[in-house]
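One-letter residues, chain by chain:
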Amino acid sequence: MPDVALFCNRFLWGCVVGCLCYLMRNNIDQRKGLLVELATVVLPILLLAVGISLTAEQDWRVFGNRLAVMIQFLFLSLPIFVVVRLTTRFRQGETPQLTDLFRITTVISLGTFVFSTFPNLISLEAVGAILVTYFLGEWAKESERPGRAWSLAILAVAMLWLLTPPFMLDASLFAFGSAWADAFVGSARDAGELAFAAAILIFPVAAERWLTNWPGWHRFAHRVDAWRFAMADPRDQIFSRPLAALWRFRKGTVFLNHGSFGAVPLALREVQRNIRAECEDQPMDFLARQLEPRWLEARFQLATWLGTQADNVAFCENATAAMNELAAWFPLQATDQVLMNDHEYGAVQRIWQRKCHESQATLTVAELPADPNSPHELTQAILDACTDHTRLVIVSHITSPTAIRMPVEQLCSELKRKNIAVCVDGPHALLQEDLKLCRLDCDFYTASCHKWLCAPIGSGFLYVAPDWQPHVQPARLSWGRLPPTAREKWSDELLWTGTRDYSPYLTVPDAIRFFQSFDRDRIDQRNHELACYARRRLSEIPGAHPVTPEGREWYGWMVGVWLPPAAPEIYEGLQQRLFEKYGIEVPVVHFRERYLVRVSCHLHTTTYEIDLLYRALMKELRSGL
């Protein structure tokens, strides 16, 4: 019997070590979190090893008692760890996580359980059962097919143990033989209490598994984050990740490239999944009956947020698709000129090169000042390039390669006097700018909602001013509106463009509400302050300097910094090396025979990620500096 008890003790201790290793694995991508885990785990393990060595040749009961004391000491460290971790997280305004809920309930249960009058062997057996159940829950969570079934099974077992009378539990436990019960459990009373305590400890595990799949948790965390974000100074939150848990990035990724494709928060992912499920459950009803009214309602909410009438806006897949729609019908003759500048997006240049080639018009590219001192210099460079033949000027609201905030308000006003149409390309402006199209008074506006607004990929729009709407001809013909509904407005042609996934469009209103709950002005203060920090920090690289002067009129949440002159081989593949060696996702742009790094700062970014980028660049550029 002593050998069996020793084997059980060692097995249960192996479960404890496995659980601690699992906790450390969860924090391996956070260096500070890993240090905290090690500090609270290594010391108890060392003390336990000393205890085992001192009791190795003694009676097995002494060994078991001392082993139980060591494990109790380990559990005593957990409440301290949890309190410190949660206090730090709350003071920094970080997002509550499901693991916090599990740790709180588990620590409370363990504290009550460990200091009870149960024999030490019973404590060890209960802990072993808890850890085995926890591993089963984790396996169920990661397994694609039986995941939900395992979660429900664990929850059912926990509820059964909670509701079953103690005498029935005693009878079931002792059915295996009185000898086993006398050696490891003791009395029937202890067995019933053991089952009840184990149920209390297992229940949070099953509850966590269930909460993982419950969209209400994301809404709850969202409300908590909004309250915390409103209480703190936005400028102080650049050092913490106040809303980082609302997104999910691949572990080990430092995501500083939000301006390319964006990133969808977990809550909005859930909204899109539900919409897709509605369509897949009954495609005919969804596409033929529900889509049109929901598309129109989503467009109305987007147009209201943009400060314009719904009839002026139509959904497109992205800003590039919207620009193609405009180029397909914009009237050009052989003597006309289309004007853009050399900071425009490459795909936009290709679109208008083809359009001008087909119509035999002229495409002119104005060169902006290399080191501008005032926004007026940017405006004047474009106005000076205009001629009597200029019919359309295309200008980015925020330039893609250099992250410059263009003076589009002044440009629209000046070009309106010259009777020149203006198309503002604004995929980076949504949410970064307090955009009101009625105030901007441009002729056309194209944008993507999946970048800074964080709607799903495949959501954008085209704005056409009322004076131009009679001229609109769609680039692609489909039904527009499903028969027998007549097509009356230009945007009708872009409603039904064929059988496709319309969920990105229908999720846009939820993306708007998502950020409205945090107050855009406070978001703007926080993210711009972080962009200022990135600008200063990267400028500390010898030979590096910002693309623009300091000031909100020059940049918002995305900033560009010229990298120091170096041999071309230093910069070849630099962006890929930053990703492969350091996990940093950031654009390194080759522009005007120079290289710059463009950093995007959203609510999931902190100074920590900026510092990582600084150190990585210093290592990679050291040989060329």
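Preceding this section is the structure that the text describes.
## Focus: the overall build of the chain
In step 1: Each helix and strand in the chain was counted, giving 23 helices and 13 strands.
In step 2: Every one of the 625 residues in the chain was classed for burial, and the buried ones make up 54%.
In step 3: In the chain, the share of contacts with a sequence separation of at least 24, taken over all contacts with a separation of at least 6, comes to 72%.

## As for the environment of Asn-341
In step 1: In this fold, Asn-341 is placed in strand 3 (residues 337-341).
In step 2: When the C-alpha positions of Asn-341 and Val-393 are compared, they lie 9.0 Å apart, and in sequence the two are 52 residues distant.
In step 3: In this structure, Asn-341 is in contact with Gln-349, Val-365, Ala-366, Leu-368, Ile-382, Ile-394, Val-395 and Met-406, ignoring residues within four places of it in sequence.
In step 4: A polar contact is formed between the side chain of Asn-341 and the backbone nitrogen of His-343, at a distance of 2.8 Å.
In step 5: Within the structure, the side chain of Asn-341 is placed 2.8 Å from the side chain of Glu-344, a separation counted as a polar contact.

## Quick notes on the sheet that holds strand 12 (residues 588-591)
In step 1: Strand order across the open sheet formed by 4 strands is 9-10-13-12, with antiparallel pairing between neighbours. The two strands at the open ends of the sheet, each matched to only one other strand, are strand 9 (545-546) and strand 12.
In step 2: When strand 10 (residues 558-562) meets strand 13 (residues 594-600), the two strands line up antiparallel, connected through 5 bridges. Residue pairing across strands places Val-559 opposite Val-599, the latter belonging to strand 13.
In step 3: Sheet strands touched by helix 20 (residues 520-538): strand 9, strand 10 and strand 13. Its angle to strand 10, the strand with the most contacts, is close to 10°.

## Things to note about the side chain of Ser-459
In step 1: Note that Ser-459 resides in the loop between strand 7 (444-448) and strand 8 (460-464).
In step 2: Only 2.7 Å separates the side chain of Ser-459 from the backbone oxygen of Pro-456, close enough to count as a polar contact.
In step 3: Leaving out residues up to four positions away in the same chain, Ser-459 has contacts with Cys-316, Glu-317, Ser-448, Cys-449, His-450, Pro-504, Tyr-505 and Val-508.

## Observations concerning the sheet that holds strand 4 (residues 362-366)
In step 1: On the basis of which strands lie adjacent, the open sheet formed by 7 strands has the order 2-8-7-6-5-3-4 and mixed pairing. Sheet topology places strand 2 (313-316) and strand 4 at the edges, where each strand pairs with a single neighbour. Put simply, the sheet's adjacent strands are angled 20° from each other on average, direction ignored.
In step 2: Pairing geometry for strand 3 and strand 4, over 5 bridges, is parallel. The residue of strand 4 that forms the bridge with Leu-339 is Thr-364.
In step 3: Seen against the sheet, helix 16 (residues 375-385) touches strand 3, strand 4 and strand 5 (390-396) and runs at an angle of roughly 160° to strand 3.

## Quick notes on the pairing of strand 2
In step 1: Side chains of strand 2 alternate between two faces, with Val-313 and Phe-315 and Ala-314 and Cys-316 buried alike.
In step 2: Judged from the 4 bridges that link them, strand 2 and strand 8 form a sheet pairing that is antiparallel. Among the inter-strand pairings, Ala-314 is bridged to a residue of strand 8, identified as Leu-462.

## Concerning the packing of helix 12 (residues 266-281) against helix 19 (residues 503-516)
In step 1: Between helix 12 and helix 19, whose axes approach to 9 Å, the crossing angle comes to 150°. One finds that helix 12 runs roughly antiparallel with respect to helix 19. Two packed elements cross with a definite hand, and for helix 12 against helix 19 that hand is right-handed. Residues Ala-267, Leu-268, Val-271, Gln-272, Ile-275 and Arg-276 of helix 12 form the contact with helix 19, whose own contacting residues are Ser-503, Pro-504, Leu-506, Thr-507, Asp-510, Ala-511 and Phe-514.
In step 2: In terms of residue class, the contact of helix 12 with helix 19 is built from 8 nonpolar, 3 polar and 2 charged.

## A short note on the nonpolar core
In step 1: One finds Trp-352, Phe-444, Tyr-445, Phe-461, Val-599 and Leu-613 to be the most contacted residues of the largest nonpolar core, which totals 144 residues.
In step 2: If one sorts the elements of this core by residue count, helix 13 (residues 283-306) sits on top with 8 residues.

## Thoughts on helix 19
In step 1: When the terminal C-alpha atoms of helix 19 are compared, their 21 Å separation across 14 residues agrees well with the 20 Å that a helix rising 1.5 Å per residue should span.
In step 2: The sharpest bend along helix 19 comes to roughly 30°, located at Pro-509.
In step 3: Counting buried positions along helix 19 gives 11 out of 14 residues, so the element sits mostly inside the fold.
In step 4: Inspection of helix 19 places Ser-503, Pro-504, Tyr-505, Leu-506, Thr-507, Val-508, Pro-509, Ala-511, Ile-512, Phe-514 and Phe-515 among the buried residues, and these make up the whole buried set.

## Remarks on the pairing of strand 6 (residues 421-425)
In step 1: With 5 of its 5 residues buried, strand 6 lies for the most part within the structure.
In step 2: By the alternation rule, side chains of strand 6 split into Ala-421, Cys-423 and Asp-425 and Val-422 and Val-424, which are all buried.
In step 3: Pairing analysis gives 5 bridges linking strand 5 to strand 6, with the strands arranged parallel. Paired with Val-393 across the two strands is Val-422, which belongs to strand 6.
In step 4: Looking at chain direction, strand 6 and strand 7 are connected through 3 bridges and run parallel. Looking at the pairing, Asp-425 lines up with Thr-446 of strand 7.

## Quick look at the pattern of salt bridges
In step 1: Inspection of every chain in the model, using the stated rule, returns 26 salt bridges.
In step 2: Notably, a salt bridge pairs Asp-311 with Arg-299, separated by 3.6 Å at the nearest N-O pair. Linking Asp-311 in the loop between helix 13 and strand 2 with Arg-299 in helix 13, this pair joins segments that are 12 residues apart in sequence.
In step 3: Overall, Asp-311 belongs to the partly exposed group, its relative accessible area being 29%.
In step 4: Counted as one network, the salt bridges with shared partners bring together Arg-405, Glu-433, Arg-520, Asp-521, Asp-524 and Arg-552.

## Overview of unusual backbone geometry
A negative phi holds for most residues other than glycine; trans holds for most peptide bonds.
In step 1: Look at the link from Pro-483 to Pro-484: it is a cis peptide, with omega at 10°.
In step 2: Unusually for a residue other than glycine, Asn-419 sits at a positive phi of about 60°.
In step 3: The backbone of Leu-431 shows a phi angle near 80°, a positive value even though the residue is not glycine.
In step 4: You can see Leu-431 is positioned in the loop between strand 6 and helix 18 (437-440).

## What about the environment of Leu-495?
In step 1: Relative to the helices and strands, Leu-495 resides in the loop between strand 8 and helix 19.
In step 2: By relative accessible area, which is 1% here, Leu-495 ends up buried.
In step 3: Linking Leu-495 and Leu-482, residues 13 residues apart in sequence, is a C-alpha distance of 9.2 Å.

About the thresholds
- Residues numbered from 1 in each chain as written.
- Predicted model: local features only at pLDDT ≥ 70, side-chain atom pairs only at ≥ 80, totals over all residues.
- Heavy atoms only, no water.
- Helix = DSSP H or I, 4+ residues; strand = E, 2+ residues; numbered from the N terminus.
- Buried < 20%, exposed > 50% of the residue type's maximum accessible area, 1.4 Å probe, protein only.
- Contact = heavy atoms within 4.5 Å.
- Polar contact = N/O pair within 3.5 Å; in protein donor to acceptor, adjacent residues only side chain to side chain.
- Pairing = 2+ DSSP bridges.
- Axes fitted to C-alpha atoms, helices over the stretch in contact; angles between N-to-C directions.
- Parallel < 35°, antiparallel > 145°, perpendicular 65-115°, else oblique.
- Left-handed = near helix turned anticlockwise from the far one by under 90°.
- Nonpolar A, V, L, I, M, F, W, Y, C, P; charged D, E, K, R; others polar.
- Core = buried A, V, L, I, M, F, W, Y, C linked by side-chain atoms within 4.5 Å.
- Expected span 1.5 Å × (residues − 1).
- Bend = angle between axes of the 7 residues up to and from the residue.
- Salt bridge = Lys/Arg side-chain N within 4 Å of Asp/Glu carboxyl O.

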